[in-house]
Amino acid sequence: MWSLACQVLNEAQLPIQSGSIVKHTSSTAALGIIANPASGRDIRRLTSRALVFPTVEKVNMIERLLGAFAATGVGRVLMMPDLVGIAAGLLRAIDGRRGQGDAAWPEVEFLEMPLTDSALDTERAVERMRAAGVAAIVVLGGDGTHRIVAGACGDTPLATLSSGTNNAFPDLREATLTGLAAGLLASGAVTPEEALVSNKRLRLRVGAREELALVEVCVTRLEHVGARAVWDPASIAEVYAAFAEPDAIGLSSIVAGVSPVGRRQPQGAWVRCAGEGCGEVGGVWAPIAPGLVVPVPIAASGVLSPDEPVSLHTLRGSVALDGEREIELDGRQAASVTLELDGPRSLDVPATLAAAIRRGALRYPAGAGGQR
């Protein structure tokens, strides 16, 4: 099925025009796009008032990305296929541009891969994009999606776009600007040193199992994974955060209410929540999900220092990684969280655009009308 889709997609391409922003661009510049078809659709649409992020808007965002890629001379885009209509919507958009004679987008290639409708699809797509040598991977999703991509991307940087429920890690930004910055990086108009920043991460160890999180690790008193989202404050036992900014939504907001810590600070923070029967204790009001601001009683808090494992206090329950419960604790295995400073690199859109302006990459001479 995907071979046919790729053939149709390639036939829909128009010749790349010469009027791209970057004078020295090669059409071999390539970027990847991961658009999580399930992001923005979980149970928190029922337990709070989180935005429903429909397929049509994800397609619209990708169209805006492609327009920006074309302007910077990116010649090739690799995309993860899906079963909910993102690929089909994009094929229709490309066919429509062909009929109207509009300027071409980059060549879009859907990866030929089996689909499991699980996180494994994202991991496989990222691995194929890395092997193809893309300059960066643009990710449309929430904290959970970005966590999965970050676990498989290696040294390939991420360009982040919010399209999930809790979006502490990805940027809430117009896709055109993110696409412009990613294209400038891919084309060589700016250097990685100018465009990229490093991020922290958390490493959870439960027995022999290891998992990564980009924002927070939350230990709950719920002994079974069930619905993965966490929305009941009474179930929250501990939260460990790589960063906890006052304007963030999600479980890291609990930590931010006690000990705010920035993305670039070389430390993290943790809190332990008071359970039932603990008497009167202080706490914080925290926006743990869109539309859900709840009181969370706090029993203790502290600092996470880099590369120093901290043992979990709660040994029975389940653990949420960046907002989604993944692991059950049976009380028999040692468990710890470690802050690491060598997490994935990501695109700093304002810094990238500022560097491009300094270099004159967005200018064209008088009388050229934008053509090179």
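Relevant structure appears above.
Residues numbered from 1 in each chain as written. Predicted model: local features only at pLDDT ≥ 70, side-chain atom pairs only at ≥ 80, totals over all residues. Heavy atoms only, no water.

Asks: Even after reading the chapter, I still don't get the side chain of aspartate 121, so can you show me in this structure?
Replies: Among the secondary structure elements, aspartate 121 is positioned in helix α5 (residues 119-132). At 4.8 Å, arginine 124 is the nearest oppositely charged side chain to aspartate 121, a buried residue that forms no salt bridge. Here threonine 116 takes part through its backbone nitrogen, which lies 2.7 Å from a polar atom of the side chain of aspartate 121. When neighbours within four sequence positions are excluded, aspartate 121 is seen to be in contact with Met80, Met113, Pro114, Leu115 and Thr116. (Helix = DSSP H or I, 4+ residues; strand = E, 2+ residues; numbered from the N terminus. Buried < 20%, exposed > 50% of the residue type's maximum accessible area, 1.4 Å probe, protein only. Lys, Arg positive; Asp, Glu negative; His and termini not counted. Salt bridge = Lys/Arg side-chain N within 4 Å of Asp/Glu carboxyl O. Polar contact = N/O pair within 3.5 Å; in protein donor to acceptor, adjacent residues only side chain to side chain. Contact = heavy atoms within 4.5 Å.)

Asks: How should helix α7 (residues 175-187) be read in this particular structure?
Replies: Here α7 spans 18 Å end to end across 13 residues, near enough to the 18 Å set by a 1.5 Å rise per residue. Judged by how many residues are buried, α7 sits mostly within the fold: 11 of 13 residues are covered. Looking at α7, one finds that the buried residues are Ala175, Thr178, Gly179, Leu180, Ala181, Ala182, Gly183, Leu184, Leu185, Ala186 and Ser187. (Expected span 1.5 Å × (residues − 1).)

Asks: Hey, could you run me through the packing of α7 against helix α10 (residues 349-358) in this one?
Replies: Two numbers describe a pair of packed helices, the interaxial angle and the distance between the axes. Two elements in contact, α7 and α10, have axes separated by 9 Å at closest approach and are oriented at 60°. Taken together, the axis directions place α7 and α10 in an arrangement best described as oblique. Between α7 and α10 lies a crossing of left-handed hand. Taking contact as the criterion, the partners of Leu177, Thr178, Leu180, Ala181 and Leu184 in α7 are, on α10, Val349, Thr352, Leu353 and Ala356. For the contact of α7 with α10, the per-class residue count stands at seven nonpolar, two polar and no charged. (Axes fitted to C-alpha atoms, helices over the stretch in contact; angles between N-to-C directions. Parallel < 35°, antiparallel > 145°, perpendicular 65-115°, else oblique. Left-handed = near helix turned anticlockwise from the far one by under 90°. Nonpolar A, V, L, I, M, F, W, Y, C, P; charged D, E, K, R; others polar.)

Asks: Is there a simple way to explain the packing of helix α3 (residues 55-71) against α7 in this structure?
Replies: Running from N to C, α3 and α7 cross one another at 40°; their axes reach a closest spacing of 8 Å. Considering how the two elements wind past one another, α3 and α7 form a crossing that is right-handed. Taking contact as the criterion, the partners of Met61, Arg64, Leu65, Ala68 and Phe69 in α3 are, on α7, Ala175, Thr176, Thr178, Gly179, Leu180, Ala182 and Gly183. Residues that form the contact of α3 with α7 fall into these classes: seven nonpolar, four polar and one charged.

Asks: I tried to follow the side chain of arginine 263 on my own but got confused; where do I start?
Replies: If you trace the backbone, arginine 263 turns up in the loop between α9 (252-256) and β11 (268-273). A polar contact is formed between the side chain of arginine 263 and the backbone oxygen of alanine 168, at a distance of 2.3 Å. Engagement of the side chain of arginine 263 in a polar contact is seen with the backbone oxygen of phenylalanine 169, the distance being 3.0 Å.

Asks: It is not clear to me how the sheet that holds strand β15 (residues 316-321) should be interpreted in this structure. Could you clarify?
Replies: Strand pairing within a sheet occurs via backbone hydrogen bonds; the two strands may be parallel or antiparallel. What the seven strands build is an open sheet, ordered β12-β13-β11-β10-β9-β15-β16; its pairing is antiparallel. This sheet does not close on itself; its edge strands, each paired only once, are β12 (283-289) and β16 (324-330). Here the strands of the sheet are splayed against their neighbours by 35° on average, with no regard to which way each runs. (Pairing = 2+ DSSP bridges.)

Asks: Hey, could you run me through the environment of glycine 283 in this one?
Replies: Considering the arrangement of structural elements, one finds glycine 283 in strand β12. In this view, glycine 283 contacts Val296, Pro297 and Ile298; residues no more than four positions away in its chain are not counted.

Asks: What am I meant to see in α5 here?
Replies: Quick reminder: α-helices carry 3.6 residues per turn. Residues three or four places apart thus point the same way. Given a rise of 1.5 Å per residue, 14 residues ought to cover 20 Å, and the 20 Å separating the end C-alpha atoms of α5 matches this to within 8%. Taken residue by residue, α5 has Asp121, Thr122, Ala125, Val126 and Met129 as its buried positions. Around the axis of α5, the buried residues are gathered within 130° of arc, so they sit on the same side. Glycine 133, located one to two residues past α5, shows a positive phi value of around 80°. (Arc of directions from axis to C-beta.)

Asks: What exactly am I supposed to notice about the sheet that holds strand β8 (residues 209-213) here?
Replies: Taken in spatial order, the four strands of this open sheet run β8-β7-β17-β14, and their pairing is antiparallel. Two strands lie at the open edges of the sheet, namely β8 and β14 (310-311), each paired on one side alone.

The values reported here are purely geometric and, on their own, carry no functional implication.
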